[in-house]
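Overview (structure and organization)
For reference, the chains in residue letters:
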Amino acid sequence: MKLIRFANLPGDGIGPEVMSAALEVLEQTGKVYNFDCVTTSFDVGGVGIDKHGQALPNSTLDGCRAMDAILFGSVGGPKWENLTPKEQPERAALLPLRKEFELFANLRPGNLFPELCGLSPLRKDVVGGGIDVLCVRELTGGIYFGQPKKTTLLEDGQKEAIDTMIYRTGEIKRITEVAIKAASLRSKRICSVDKANVLETSVLWRQTVTEWTKKLDPSIELSHMYVDNAAMQLVRDPNQFDVILTENMFGDILSDELAVICGSLGMLASASLGTGSNSLDFPFGLYEPAGGTAPDIAGKGVANPCAQILSSALMLRYSFGLEDAAQAIENAVKDTIRSGLRTSDISMGGSAVTTSEMTSAILSRIV
Ligand code: IPM
Ligand code: MG
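Residues numbered from 1 in each chain as written. Chains lettered and ligands numbered in written order. Predicted model: local features only at pLDDT ≥ 70, side-chain atom pairs only at ≥ 80, totals over all residues. Heavy atoms only, no water.

1. Some thoughts on the nonpolar core
In terms of nonpolar packing, the biggest core is built from 82 residues, with Val136, Leu316 and Ile362 touching the most fellow members. Tallying contributions element by element places helix 10 (residues 306-320) first for this core, with eight residues. Sequence-distant contacts of Ile362, defined by excluding residues within four places in its chain, comprise Val25, Cys306, Ile309, Ala332, Val333 and Thr336. Ranked by size, the runner-up nonpolar core spans 22 residues in total, among them Leu9, Ile49, Leu56 and Ala93. (Core = buried A, V, L, I, M, F, W, Y, C linked by side-chain atoms within 4.5 Å. Buried < 20%, exposed > 50% of the residue type's maximum accessible area, 1.4 Å probe, protein only. Helix = DSSP H or I, 4+ residues; strand = E, 2+ residues; numbered from the N terminus. Contact = heavy atoms within 4.5 Å.)

In structure tokens:
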């Protein structure tokens with residue numbers, strides 16, 4: 001029996017409810033696909049601040065180090081909103097986790113099932129057939145982490161703040177390689193997004209992506225787009241893209257745009273893959289839903305568990321090499337939606353089921 005060892009970090013708001021749904025689904029999937037889950041829960045985010053004085057407590061970090069992957073819930077909420085940006089749960093938990101495990105490759109699939117196309121703010125004639133775009137975002141470089149990053153007091157009494165955008169060829173090559181791998185399982189098309197008409201880092205980005213793609217897989221159809229145009233094209237016709245490859249900050253912005261176009265954050269999963277291998281020789285990774293903590297519905301048992309469940313499928317695929325099991329979960333979610341079941345976030349005013357009803361329906365399809 002294969003052992004699936006991962007840390008689960010439920011976090012705040014709806015995090016714990018949707019996490020327990022995902023753990024149930026993993027447990028059931030293990031029975032069918034022959035694996036056993038070994039998982040420990042650790043505090044992160046607001047609950048970390050409350051209990052340990054830190055959004056990412058040392059005990060959590062140590063716990064994650066001892067495991068093969070991290071299943072992350074979501075963090076933040078009104079209670080911690082008055083902290084300085086640096087101390088806020090989202091930033092103080094996620095950024096150090098990304099840095100610690102060098103989670104450089106962020107995969108954010110933008111999927112919209114045709115059955116849910118009414119949820120998209122885009123017209124039906126544009127997205128009626130659904131959406132299937134993958135955003136590959138560089139996650140540990142660029143302006144997020146470049147030094148210097150500081151605010152100083154000038155002699156004339158003004159303050160001056162500086163962030164630094166840096167990219168090295170090695171960082172660009174490794175994320176290009178991830179995009180190529182992803183694209184070869186899809187339609188072999190990559191659109192690399194940059195701002196090469198203004199930024200030096202983008203000139204290097206474009207050059208390196210071009211050279212490296214040619215070298216690694218010349219059969220990939222590679223195109224380039226400036227980020228302002230990409231933001232526009234994404235709302236005009238999202239399906240013109242297949243794989244979008246971009247740097248950290250552009251990816252932050254475009255992946256949120258992609259998410260809203262897909263209608264519901266409750267349906268979107270993501271994976272952040274590291275440079276390191278886990279004990280099974282797969283990439284160590286962190287898997288999390290795209291949505292937030294939804295404080296308004298937290299504790300009511302009505303949150304949509306799909307994004308967390310789909311994140312656990314990504315974990316099985318990338319960090320444990322269990323493609324069949326991952327697909328089984330994805331198909332179970334798809335079939336459940338197709339059968340008409342909806343949580344309130346995706347019910348468009350129609351009747352809605354609870355978190356546990358949705359979860360049971362998904363569980364019943366994993367056999
Ligand atoms: C995300 C978030 C984070 C980011 C914040 C919370 C630091 O917006 O994961 O996209 O900017 O990367
Ligand atoms: Mg973001």
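2. A look at the pattern of salt bridges
Scanning all chains against the criterion turns up 17 salt bridges. With its nearest N and O atoms 2.6 Å apart, the salt bridge here joins Asp50 to Lys79. Within this pair, whereas Asp50 is found in helix 2 (residues 46-52), its partner Lys79 is found in the loop between strand 3 (70-74) and helix 4 (89-100), the two being separated by 29 residues in sequence. A relative accessible area of 59% places Lys79 in the exposed class. Taking the shortest distance from any N to any O, the salt bridge between Arg174 and Glu102 comes out at 3.1 Å. On the criterion of sequence distance, the pair formed by Arg174 in helix 6 (residues 169-184) and Glu102 in the loop between helix 4 and strand 4 (105-112) is long-range, its members being 72 residues apart. (Salt bridge = Lys/Arg side-chain N within 4 Å of Asp/Glu carboxyl O.)

3. Here's the deal with the pairing of strand 3
The side chains of a regular strand alternate, first on one face of the sheet and then on the other. When you tally the buried positions in strand 3, you get five out of five residues, the bulk of the element. Bridge count for strand 1 (residues 2-11) against strand 3 is four bridges, and the pairing is parallel. If you follow Gly11 over to strand 3, its bridge partner there is Ser74. Bridging between strand 3 and strand 12 (residues 283-289) involves two bridges; their strand directions are parallel. Following the sheet pairing, Leu71 is matched in strand 12 by Tyr287. (Pairing = 2+ DSSP bridges.)

4. Examining helix 6
End to end, helix 6 covers 22 Å across 16 residues, agreeing with the expected 22 Å (1.5 Å per residue, within 8%). The complete set of buried residues in helix 6 reads Glu171, Ile172, Ile175, Thr176, Val178, Ala179, Ile180, Ala182 and Ala183. Where helix 6 is buried, its residues contact strand 4, strand 5 (131-138), strand 8 (189-194), helix 7 (200-216) and strand 10 (243-246). (Expected span 1.5 Å × (residues − 1).)

5. Regarding helix 8 (residues 227-236)
Owing to its 3.6 residues per turn, the α-helix brings residues three or four apart onto one side. Among the residues of helix 8, Val227, Ala230, Gln233 and Leu234 are the ones counted as buried. Taken end-on, helix 8 shows its buried residues confined to a sector of 110°, consistent with a single buried face. Facing away from the buried side of helix 8 by over 90 degrees, the exposed positions are Met232 and Arg236. Contacts from the buried residues of helix 8 go to strand 8, strand 9 (221-226), strand 10 and helix 9 (248-261). (Arc of directions from axis to C-beta.)

6. Some words on the sheet that holds strand 5
What the 10 strands build is an open sheet, ordered 2-1-3-12-11-4-5-10-8-9; its pairing is mixed. Of all the strands in the sheet, the pair left with one neighbour each is strand 2 (35-41) and strand 9. Neighbour to neighbour, the strand axes of the sheet diverge by 25° on average, direction disregarded. Set on the sheet, helix 8 makes contact with strand 8, strand 9 and strand 10; between it and strand 9 the angle comes to about 105°. Sheet strands in contact with helix 9 are strand 4, strand 5, strand 8 and strand 10, and its direction is about 160° off that of strand 5. (Axes fitted to C-alpha atoms, helices over the stretch in contact; angles between N-to-C directions.)

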